[in-house]
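Residue-level structure breakdown
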Amino acid sequence: MHQSPDGPRHVAIIMDGNGRWATMRGRPRLFGHHAGARRVKEIVRKCPEIGVKYLTIFAFSTENWKRTQSEVAGLMKLFRRYIMRESRDLLAEGVRVRFIGDRIQLDPKLVKLMDELELLTSDNDKVNLTIALNYGGRDEVTRATRRLAHEVASGKLSPDDVDSECLARHLDTCFLPDPDLVIRTSGEARISNFLLWQSAYAEYEFVETLWPDFTAAEFERISARFGARERRFGAVPK
Ligand code: IPE
Ligand code: IPE
Ligand code: MG
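Residues numbered from 1 in each chain as written. Chains lettered and ligands numbered in written order. Predicted model: local features only at pLDDT ≥ 70, side-chain atom pairs only at ≥ 80, totals over all residues. Heavy atoms only, no water.

**Looking at empty space enclosed by the protein**
Here is the rule we go by: Of the two site types, the cavity is a set of points on a 1 Å grid over the protein atoms alone where a 1.4 Å probe fits but cannot get out, and the pocket is an open set with protein on both sides within 12 Å along at least five of seven lines, each lined by residues with an atom within 4 Å of a point. Grid points are joined across faces, edges and corners, and a volume is the space filled by probe spheres set on the points. Secondary structure follows DSSP: runs of H or I at least 4 residues long count as helices, runs of E at least 2 residues long count as strands, and numbering of each begins at the N terminus. Ten residue types, Ala, Val, Leu, Ile, Met, Phe, Trp, Tyr, Cys and Pro, are classed as nonpolar, four, Asp, Glu, Lys and Arg, as charged, and the remainder, Gly among them, as polar.
Across all of its chains, the model carries 1 cavity of 30 Å³ or more by this definition. In this structure, the largest cavity spans a volume of roughly 60 Å³. As for the largest cavity, its lining consists of K41, V44, Y82, E86, D89, L90, E93 and V95. Every element with two or more residues in the lining of the largest cavity is listed here: α2 (29-50) and α3 (69-92). For the lining of the largest cavity, the element with the most residues is α3, which contributes 4 residues. Here the lining of the largest cavity is composed, by residue class, of 4 nonpolar, no polar and 4 charged.

**Observations regarding the layout of surface pockets**
Of the pockets and cavities examined, the largest pocket occupies roughly 640 Å³. The wall of the largest pocket is formed by 32 residues, among which M15, N18, F58, A59 and F60 lie closest to the centre. Of the residues assigned to the lining of the largest pocket, the class counts are 17 nonpolar, 8 polar and 7 charged. The volume enclosed by the second largest pocket comes to roughly 170 Å³. Taken together, 15 residues make up the lining of the second largest pocket; nearest its centre are A168, L176, D178, W197 and Q198. Considered class by class, the residues forming the lining of the second largest pocket number 8 nonpolar, 4 polar and 3 charged.

**Observations concerning the packing of aromatic side chains**
To keep things clear, this is the line we draw: Stacked, tilted and edge-to-face pairs are distinguished by plane angle, under 30 degrees for stacked and over 60 for edge-to-face with tilted covering the rest, among Phe, Tyr and Trp rings (Trp via its six-membered ring) whose centres lie within 6.5 Å. Summary of the burial criterion: residues with accessible area below 20% of their type's maximum are buried, those above 50% are exposed, and those between are partly exposed, where the area comes from a 1.4 Å probe applied to protein chains only. Placement of a positive charge over a ring is assigned whenever Lys NZ or Arg CZ falls within 6 Å of the ring centre and within 35 degrees of the normal to the ring plane.
Using the criterion set out here, one finds 10 aromatic pairs in the structure. For the ring pair F60 and W65, a centre distance of 5.0 Å and an interplane angle of 75 degrees mean the geometry is edge-to-face. Ring centres of F60 and F79 lie 6.3 Å apart, and the angle between their planes is 80 degrees; on these two criteria the pair is classed as edge-to-face. Residue F60 is found in strand β2 (residues 54-61), and its partner F79 is found in helix α3; the two are separated by 19 residues along the sequence. We note that F60, like F79, is buried. Taking NZ or CZ as reference, R25 lies 4.0 Å from the ring centre of W21, over its face. A cation over an aromatic ring shows up here: R27 above the ring of F31, its NZ or CZ 3.9 Å from the ring centre.

**Let's talk about the pairing of strand β3 (residues 95-100)**
As a reminder, the rule being used: Only when DSSP finds a minimum of two bridges between them are two strands counted as paired.
The buried fraction of β3 amounts to 5 of the 6 residues, a majority that puts the element mostly inside the structure. Inspection of the sheet shows β3 paired to strand β4 (residues 127-135) by 6 bridges, in the parallel sense. Bridge pairing in β4 links I100 to A132.

**Concerning the site of ligand 1**
We count it as follows: A molecule or strand has a residue near it when one of that residue's heavy atoms lies within 4 Å. Only the protein chains shown count as cover for residues, and the accessible areas themselves come from Shrake-Rupley with a 1.4 Å probe. Criterion for pocket placement: a molecule counts as inside a cavity or pocket if more than half of its atoms are within 2 Å of its grid points.
Taken together, M15, D16, G17, N18, G19, R20, R29, H33, A59, N64, R67 and L75 make up the full set of residues near ligand 1. When ligand 1 is considered free in solution it has 380 Å² of accessible area, and contact with the protein chains removes 87% of it. When each cavity is represented as a set of grid points, ligand 1 is found to reside in the largest pocket. Where the shell around ligand 1 is concerned, the elements lending two or more residues are α1 (18-24) and α2. Here the shell around ligand 1 takes 3 residues from α1, the largest share from any one element. Residues belonging to the shell around ligand 1 are distributed by class as follows: 3 nonpolar, 5 polar and 4 charged.

Printed below as a string of structure tokens:
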């Protein structure tokens, strides 16, 4: 076991670079998405060994609808198949799966599979895998604010009780601690609307590797680097 007490407890990953990985091989973008999906298992399996209790992965953003209809449809089909294919292993391996993002715009067949997987794995607690699907940080804060406004309008909540804890409880991530480390693959150094509120004090690692090439060994190396960083949270160094 390489478990480190200083390692990140919650790692969030922007799994980027599937399209470029496929294009480099002269293949359609969806080929890259399938290869990317196959990477997830190895990373999830590594988590308990390195002390990562929460893993959150960005699968589809609220902006990804702008892609071609065929890419979007292919991704949605991939998500359905992924859940059907992986449910049994996730359950057996102690993974608790939850989804964040707006489900309203998703195909009801997919939403049903997501709900079923959440229920099926709800007693697991070895690793908490959260999949961000039709997720956008601004969209999430907007939806939370709308719910707060309704609660205030109906008299359930006083405006003076709206503080940062209250807002955090209304986010999709209300069951998650804030991420300690956010990794983005593929060399892009931006957050693309991922966990905007929650990452206020996260450490970031941007790596060149395209997501379908990302290995558990690289994941472990990056997590180990995290242990050496000094997190100050706005205070003076000790
Ligand atoms: C990330 O890979 C997966 C999704 C956004 C669904 P991309 O599809 O963005 O791959 P690149 O960035 O085009 O290489
Ligand atoms: C972010 O990647 C979303 C996911 C990984 C699901 P994108 O590839 O969509 O982000 P941009 O467009 O490069 O900012
Ligand atoms: Mg991309």
